Amino acid sequence: VFANSRRFTLGVFGDDRPATQYYLTFAVAVSIAEVVRDLHRSADQPDQSYSERQMYQAALDRLARELAAVEKIDETAAATKLEKLLAA
């Protein structure tokens, strides 16, 4: 999922915030991974609004919980693993 680098701006998610919240609340891990991928910003792209950052963090936390459950590791280690994958 992270390999397909499709980027969205806040405009896409900001216009349809209820749909984004639905993804974060009820969607499967693939949909959450897409939200994380699309909202991730590298160190050289710091242009991220407050609401964009909140949505990214909520999606990353949810995905880290899913990964932690599957791999039987703690959530912090899972979040670190996801961040490393996104930075690659």
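First, a word on scope: everything that follows refers to the structure included in this document. (Residues numbered from 1 in each chain as written. Predicted model: local features only at pLDDT ≥ 70, side-chain atom pairs only at ≥ 80, totals over all residues. Heavy atoms only, no water.)

## Here's the deal with the packing of helix α4 (residues 50-71) against helix α5 (residues 75-87)
Interaxial distance between α4 and α5 falls to 8 Å at its minimum, and their mutual angle equals 115°. It follows that α4 is roughly perpendicular to α5 by the angle criterion. Considering only the axes of α4 and α5, their crossing is right-handed. Counting all contacts with α4, which are made through Tyr56, Leu60, Leu63, Ala64, Arg65, Leu67, Ala68 and Glu71, the residues of α5 involved are Glu75, Ala78, Ala79, Lys81, Leu82, Glu83 and Leu86. Partitioned by chemical class, the residues of the contact of α4 with α5 number 10 nonpolar, no polar and five charged. (Axes fitted to C-alpha atoms, helices over the stretch in contact; angles between N-to-C directions. Helix = DSSP H or I, 4+ residues; strand = E, 2+ residues; numbered from the N terminus. Parallel < 35°, antiparallel > 145°, perpendicular 65-115°, else oblique. Left-handed = near helix turned anticlockwise from the far one by under 90°. Contact = heavy atoms within 4.5 Å. Nonpolar A, V, L, I, M, F, W, Y, C, P; charged D, E, K, R; others polar.)

## Section: the side chain of His40
Within the secondary structure, His40 sits in the loop between α3 (29-39) and α4. Within the local environment of His40, its side chain forms a polar contact with the side chain of Tyr56, the two groups lying 3.2 Å apart. (Polar contact = N/O pair within 3.5 Å; in protein donor to acceptor, adjacent residues only side chain to side chain.)

## Describing α4
For α4, built from 22 residues, the straight-helix expectation of 32 Å at 1.5 Å per residue is met to within 8% by its first-to-last C-alpha distance of 31 Å. When we look at burial in α4, the residues that qualify are Glu52, Met55, Tyr56, Ala59, Leu60, Arg62, Leu63, Ala64, Leu67 and Ala68. Two residues or fewer after α4 comes Lys72, characterised by a positive phi angle close to 55°. (Expected span 1.5 Å × (residues − 1). Buried < 20%, exposed > 50% of the residue type's maximum accessible area, 1.4 Å probe, protein only.)

## Regarding the environment of Ala68
One can find Ala68 in helix α4. Linking Ala68 and Ala78, residues 10 residues apart in sequence, is a C-alpha distance of 5.4 Å. Beyond its immediate stretch of four places on either side in the chain, Ala68 contacts Ile73, Asp74, Glu75 and Ala78.

## Overview of the pattern of salt bridges
Applying the stated rule across the entire model yields three salt bridges. For the salt bridge of Asp38 with Arg37, the shortest nitrogen-to-oxygen distance reads 2.9 Å. Between Glu66 and Arg62 there is a salt bridge, with its nearest N and O atoms 3.3 Å apart. Of this pair, Glu66 and Arg62 both sit in helix α4, separated by four residues, roughly a single helical turn. Residue Glu66 is classed as partly exposed on the basis of its relative accessible area, which comes to 31%. Arg62 gets classed as buried once you look at its relative accessible area, which sits at 16%. (Salt bridge = Lys/Arg side-chain N within 4 Å of Asp/Glu carboxyl O.)

## Thoughts on the nonpolar core
Val36, Tyr56, Leu63 and Leu82 are the most contacted members of the largest nonpolar core, which has 16 residues in total. When residues in this core are grouped by element, the largest group, eight residues, is from α4. (Core = buried A, V, L, I, M, F, W, Y, C linked by side-chain atoms within 4.5 Å.)

What is shown is where atoms sit, not what they do.
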